[in-house]
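Chain by chain, the residues:
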Amino acid sequence: MGFISNLVNGISLGSVYAIIALGYTMVYGIAKMLNFAHGDVIMVGGYTCYCTMAYLGCNPFIAVLLSIVVCTLLGIVVEKLAYKPLRNAPSLDVLITAIGVSYLLQNLALIIWKSDPKSFVSVIDVPSVSLFGGQLVISAVSIVTVCANILIMLGLMFFTTRTKMGKAMRAVSEDKDAAQLMGINVNSTISMVFAIGSGLAAIAGVLLCSAYPTLMPTTGQMPGIKAFVAAVLGGIGSIPGAMLGGILLGVIEIFAKAYISTQLSDAVVFAVLIVVLLVKPAGLLGKTIHEKV
């Protein structure tokens, strides 16, 4: 039962990583940039949900919706102000800007909410599921997180392959200049990608804080970095790859804590990244792109 319990916990944690990684992979796949401020949008989503429930007395459903709206608008504003002026800039400039935005969001949160950890009340008020005569207990948060991960991945797959905006995103991903010549508004398409990714970050933030009920300005930093590792593991730019990478990484982390060491679990996670980059740089489901010279 201990093995199965760890596996369930790993899949649950990995599903959170997968939802965050989906935002990473969407932005990279279309805009060809790594938004390292993505993890801090998770933190903003958590604080928005917390304040809505604690100070305004709203029910959890309204709090989650408001969190998604706030993070979606934040993603659009960040893209317009910080990233749009650097559309044709070298990738290093964009990377430095992303790190700067990350620290800006963290310090704004520190000023507004201070450094004291907040006790987050779970938005999922449903009894746990008990199996095998009580030997295995699966929390409602774990079930909802896994289901949300699957539904989001299927929704994104449908959106990118069946809708007009999704096809426009794929066109921009292939060739921005050619897409613009075909009448696609590249700037609006990229803004939409950031909006979707930030909305997913809000959902991930609420689920993460529901499972691990402590909220502080640095809450999203480490999960954001691990989700980036998950995106690389699965194949950054691939939606199914982000889901696969997230779940695998969550399982690896939980099993490392259970069977190796809680102090070394993060080291194991980043060692996985190094091994993947050495053995299969494109990731498990990623495609190797050959550049024509």
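Residues numbered from 1 in each chain as written. Predicted model: local features only at pLDDT ≥ 70, side-chain atom pairs only at ≥ 80, totals over all residues. Heavy atoms only, no water.

**Description of the overall build of the protein chain**
Tallying secondary structure elements over the protein chain gives eleven helices and four strands in all. Here the protein chain has a C-alpha radius of gyration of 19 Å; the compact-globule value for 293 residues is 19 Å, and the two agree. Along the longest, intermediate and shortest principal axes, the C-alpha atoms of the protein chain span 60 × 45 × 35 Å. Looking at the protein chain as a whole, 47% of its 293 residues are labelled buried. For the protein chain, the share of sequence-separated contacts (at least 6 apart) that also reach a separation of at least 24 residues comes to 74%. Total accessible area on the protein chain stands at roughly 14,400 Å², and carbon and sulfur atoms take up 69% of it. (Helix = DSSP H or I, 4+ residues; strand = E, 2+ residues; numbered from the N terminus. Rg over C-alpha atoms; globule rule 2.2 N^0.38 Å. Buried < 20%, exposed > 50% of the residue type's maximum accessible area, 1.4 Å probe, protein only. Contact = heavy atoms within 4.5 Å. Areas by Shrake-Rupley, 256 points an atom, 1.4 Å probe, with all protein chains shown as cover.)

**Focus: the environment of Pro217**
For Pro217, the location among the structural elements is in the loop between β4 (214–215) and α9 (221–234). The exposure class assigned to Pro217 is buried, which follows from its relative accessible area of 6%. Each C-alpha atom of the pair Pro217 and Cys51 lies 14 Å from the other, and the pair is 166 residues apart in sequence.

**Topic: empty space enclosed by the protein**
Inspection of the entire model under this criterion finds one cavity of 30 Å³ or more. In this structure, the largest cavity spans a volume of roughly 40 Å³. Lining the largest cavity, in full, are Asn35, Ala37, Val41, Gly75, Val78, Phe194 and Ser198. If you list the elements that add at least two residues to the lining of the largest cavity, you get α3 (60–83) and α8 (186–211). Residues belonging to the lining of the largest cavity are distributed by class as follows: four nonpolar, three polar and no charged. (1 Å grid on protein atoms, 1.4 Å probe; cavity = no way out; pocket = protein on both sides within 12 Å on 5 of 7 lines; lining within 4 Å. Points joined across faces, edges and corners; volume = space filled by probe spheres on them. Nonpolar A, V, L, I, M, F, W, Y, C, P; charged D, E, K, R; others polar.)

**Some words on the pattern of salt bridges**
In total, this model carries four salt bridges according to the counting rule given. Note that Lys226 and Asp266 form a salt bridge whose closest N and O atoms lie 2.6 Å from each other. Note that Lys226 is positioned in helix α9 and Asp266 in helix α11 (residues 265–279), a separation of 40 residues in sequence. The buried category is assigned to Lys226, whose relative accessible area is 5%. For Glu253, the salt bridge identified is with Lys257, shortest N-O distance 3.4 Å. Pair noted here: Glu253 and Lys257 are both in helix α10 (residues 239–259), with a separation of four residues, about one helical turn. The exposure class assigned to Lys257 is partly exposed, which follows from its relative accessible area of 35%. Through salt bridges with shared partners, one network takes in Lys226, Glu253, Lys257 and Asp266. (Salt bridge = Lys/Arg side-chain N within 4 Å of Asp/Glu carboxyl O.)

**Observations concerning the side chain of Ser67**
Examined against the element boundaries, Ser67 turns out to sit in helix α3. Residue class for Ser67 comes out buried when judged on its relative accessible area of 0%. For Ser67, the side chain forms a polar contact with the main-chain oxygen of Gly45, separated by 2.8 Å. (Polar contact = N/O pair within 3.5 Å; in protein donor to acceptor, adjacent residues only side chain to side chain.)

**Observations regarding a nonpolar patch on the surface**
Taken together, Phe3, Ile4, Leu7, Tyr259, Ile260 and Leu264 make up a surface patch of nonpolar side chains, about 580 Å² in accessible area. It is helix α1 (residues 2–31) that contributes the most residues to the nonpolar patch, three residues altogether. Position of Phe3 among the secondary structure elements: in helix α1. (Patch = residues over 30% accessible without salt bridge, like charges linked within 9 Å, V, L, I, M, F, W, Y side chains within 5 Å.)

**Brief notes about the packing of α1 against helix α6 (residues 164–174)**
Between α1 and α6, the least distance of the axes is 7 Å, while the angle of their chain directions is 60 degrees. Relative to α6, the element α1 lies oblique. Of the residues in α6, those touching α1 at Met26, Gly29 and Ile30 are Met169, Val172 and Ser173. Taken together, the residues of the contact of α1 with α6 sort by class into four nonpolar, two polar and no charged. (Axes fitted to C-alpha atoms, helices over the stretch in contact; angles between N-to-C directions. Parallel < 35°, antiparallel > 145°, perpendicular 65-115°, else oblique.)

**A look at the nonpolar core**
Proteins that are soluble and globular tend to have nonpolar side chains buried together. Grouped together as the largest cluster of nonpolar side chains are 76 residues, with contacts concentrated most on Tyr83, Phe120 and Leu156. Looking at which element gives the most residues to this core, the answer is α8, with 13 residues. Apart from the residues within four sequence positions on either side, Leu156 is in contact with Leu22, Met26, Ile196, Leu200 and Ile239. (Core = buried A, V, L, I, M, F, W, Y, C linked by side-chain atoms within 4.5 Å.)

**What to know about unusual backbone geometry**
One non-glycine residue, Lys114, lies in the positive phi region at around 65 degrees. Locating Lys114 in the fold gives a position in the loop between α4 (91–113) and β1 (118–119).

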